[in-house]
Protein chains: 2
Amino acid sequence: MALRRIDPASDRAVYRQIADHLRADIESHERPPGSQLPSESSLVADYGVSRVTARRALSVLVTDGLAISEHGKGWFVRRRPPVKRLSSDRFARRHEGKAAFTVDMEANERKFSVEVIYVGQGDAPPEITSRLGLPPGTAVLVRRRRYLVEGQPTEFATSYIPLDIAAGTPIEQENPGPGGIYGRMEDHGLVFERYDEEISARMPTEDEARHLSLPAGSPVLHLVRTAVASGRVVEVCDTIMDSAAFVLFYSLPAR
Amino acid sequence: MALRRIDPASDRAVYRQIADHLRADIESHERPPGSQLPSESSLVADYGVSRVTARRALSVLVTDGLAISEHGKGWFVRRRPPVKRLSSDRFARRHEGKAAFTVDMEANERKFSVEVIYVGQGDAPPEITSRLGLPPGTAVLVRRRRYLVEGQPTEFATSYIPLDIAAGTPIEQENPGPGGIYGRMEDHGLVFERYDEEISARMPTEDEARHLSLPAGSPVLHLVRTAVASGRVVEVCDTIMDSAAFVLFYSLPAR
DNA sequence: CACGAGGACTCGTGTACACAAGTGGAATCG
DNA sequence: CGATTCCACTTGTGTACACGAGTCCTCGTG
């Protein structure tokens, strides 16, 4: 956090130089996560620039996911949510009848909770019905929930299950019992063959940013899991994750 | 692209309303990828706002990864690179002696090429040597390359291999021959056991954005693969990918 | 025809100012 | 003492203006 000056001879724009100074402080942990950054007016005073330029410098850090602003309070170094590992390999997925998420959390000694947002019949988007092998517009069972790790929302998941599998079973309940919905499906004789997972990353929509309490400039991981049992797709699960909170982990046996 | 007006009674800021209009046009494909967006001055004229406000609206789209600006030319709807699937499952990875990347590309009928940037001895970062089970600062073989799909750089990968495995073998050459470096390792009697892959997403550094020709506001996928053969880690591969270009695909057998 | 100079357009960066609105502590009032 | 008001501070949104620099087309000259 040494006193730094703008180099007027530099080709680099002034607002970028200011952002570089702050970024260096953040990356060296001289400005730790959660700490307050200089206010706009103090940057104006320290660097002799206009407020517009000071704001531009700070907004660079927001785009980089390093800082956030809070109205009326100030600018802060972004606080990273607790990092978690999602063990998606086939051995961890169904350990002792617990969901993979539970196993992951216990292995990492994290406090976590699940909020069920909605369970009931509903329409699935076309890309979901297509994965389920159903005609567009078919009603399915929708299970929407939010996962919190150490009080912080980190994951937002929606499962879509064909009604002929879910109807009249505990899958329609908020809490489907031990082993989760996969356990209930196995109770009904379904034999799981594989889980296909597709992963992409993108910037969140405003809705997603609100649901996950994400600051601007932070990407989300998007995971779509397709569960295949007894020769058919029995569930599609669409998950949006705070990318700062997750490292997905896959272990792939050779041959 | 219907003529739209600002709602002065709305709580939503003017620049956000303008951004919403443009976003709707982009998402409905009325403004297709690569097409030019209204210039700042035409937004000023059409909406009766200042240039600062017009720019603010456009910069929202940049943060969302929907638009880019080109100095002296204008603002454009971001052109998505061709989407590719990385089949990381154990069956596709080593098909007929071809690298997974080649198999993926041929399956998707994409033109692709590889630029070798550096092959030679070098230092590995501490997090890499730790994965390799080597003391910090140990020299290793570094293989750095850039993958282009349809002329567009999409992936930037660096492999780190212990010298006692690589030295004096074709692994030290730019082109290690059929089956790539894994093939040469098998030639020397190494038996592959598994590949561990860790995936995260974040905003690119400026270097990465430059190497991948990424516009601002577009996140990258970060994949670290650890290859285990004959009881030891024989390679760590660190890959940065344009997240708009990739969907990672994993097929996990049940039990 | 080839080349170069202009000029009109674009975005990039910077100034100065104004007012709205959220936050938090100090002062004041009952 | 407790509640409310007020004020100083913060960021959010908007205006108007200036100049630099990249792009691209046109026009004029040799």
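See above for the structure.
Residues numbered from 1 in each chain as written. Chains lettered and ligands numbered in written order. Predicted model: local features only at pLDDT ≥ 70, side-chain atom pairs only at ≥ 80, totals over all residues. Heavy atoms only, no water.

A. The pattern of salt bridges, seen in detail. Tallied over the full model, the rule gives 26 salt bridges over all chains. Two residues, Arg146 of chain B and Glu115 of chain B, come together in a salt bridge whose shortest N-O distance is 3.2 Å. Of this pair, Arg146 of chain B sits in strand 5 (residues 139–149) while Glu115 of chain B sits in strand 4 (residues 112–123), and the two are 31 residues apart along the sequence. Taking relative accessible area as the criterion, Arg146 of chain B reaches 18% and is therefore assigned buried. Its relative accessible area of 34% is what places Glu115 of chain B among the partly exposed residues. Linking Arg194 of chain B and Asp196 of chain B is a salt bridge whose minimum nitrogen-to-oxygen distance equals 3.1 Å. Classification of Arg194 of chain B by relative accessible area gives partly exposed; the value is 33%. Since its relative accessible area comes to 11%, Asp196 of chain B is described here as buried. In the salt-bridge network here, residues are joined through shared partners; they are Arg12, Asp20 and Arg23 of chain A. (Salt bridge = Lys/Arg side-chain N within 4 Å of Asp/Glu carboxyl O. Helix = DSSP H or I, 4+ residues; strand = E, 2+ residues; numbered from the N terminus. Buried < 20%, exposed > 50% of the residue type's maximum accessible area, 1.4 Å probe, protein only.)

B. Fine view of helix 3 (residues 51–63) of chain A. All names here are of chain A. An ideal rise of 1.5 Å per residue puts 18 Å on 13 residues; helix 3 measures up with 18 Å between its terminal C-alpha atoms. Taken together, the buried positions of helix 3 are occupied by Thr53, Ala54, Ala57, Leu58, Val60, Leu61 and Val62. In this fold, the buried residues of helix 3 make contact with helix 1 (14–27), helix 2 (40–47), strand 1 (67–70) and strand 2 (74–77). Positioned one or two residues after helix 3, Gly65 has a phi angle of 75°, which is positive. (Expected span 1.5 Å × (residues − 1). Contact = heavy atoms within 4.5 Å.)

C. View of the protein's contact with DNA strand D. Not every one of the 26 residues close to DNA strand D is listed here, only the nearest: Trp75 of chain A together with Val14, Tyr15, Ser50 and Thr53 of chain B. The contact atoms of DNA strand D, taken as those within 4 Å of the protein, divide so that sugar and phosphate hold 64%. Within the side chain of Ser39 of chain A, an N or O atom sits 3.2 Å from a phosphate oxygen of DNA strand D. In the environment of DNA strand D, a phosphate oxygen lies 2.6 Å from a nitrogen or oxygen atom belonging to the side chain of Tyr15 of chain B. Of all the secondary-structure elements, those providing two or more residues to the surface near DNA strand D are helix 2, helix 3, strand 1 and strand 2 of chain A together with helix 1 (14–27) and helix 3 (51–63) of chain B. Ranked by residue count, the leading element in the surface near DNA strand D is helix 3 of chain B, at four residues. Its residues assigned to classes, the surface near DNA strand D comprises six nonpolar, eleven polar and nine charged. (Near = heavy atom within 4 Å. Polar contact = N/O pair within 3.5 Å; in protein donor to acceptor, adjacent residues only side chain to side chain. Nonpolar A, V, L, I, M, F, W, Y, C, P; charged D, E, K, R; others polar.)

D. Region of interest: unusual backbone geometry. The backbone of His29 of chain A shows a phi angle near 65°, a positive value even though the residue is not glycine. His29 of chain A sits in the exposed class, given a relative accessible area of 55%.

E. Spotlight on the protein's contact with DNA strand C. The environment of DNA strand C is made up of 26 residues, and the closest members are Val14, Tyr15, Ser50 and Thr53 of chain A together with Trp75 of chain B. Atoms of DNA strand C within 4 Å of the protein belong to the sugar or the phosphate in 65% of instances, the rest to bases. Here Arg55 of chain B contributes a side-chain N or O atom positioned 3.0 Å from a phosphate oxygen of DNA strand C. Every element with two or more residues in the surface near DNA strand C is listed here: helix 1 and helix 3 of chain A together with helix 2 (40–47), helix 3, strand 1 (67–70) and strand 2 (74–77) of chain B. Among the elements that line the surface near DNA strand C, the one with the most residues is helix 3 of chain A, at four residues. When its residues are assigned to classes, the surface near DNA strand C shows six nonpolar, eleven polar and nine charged.

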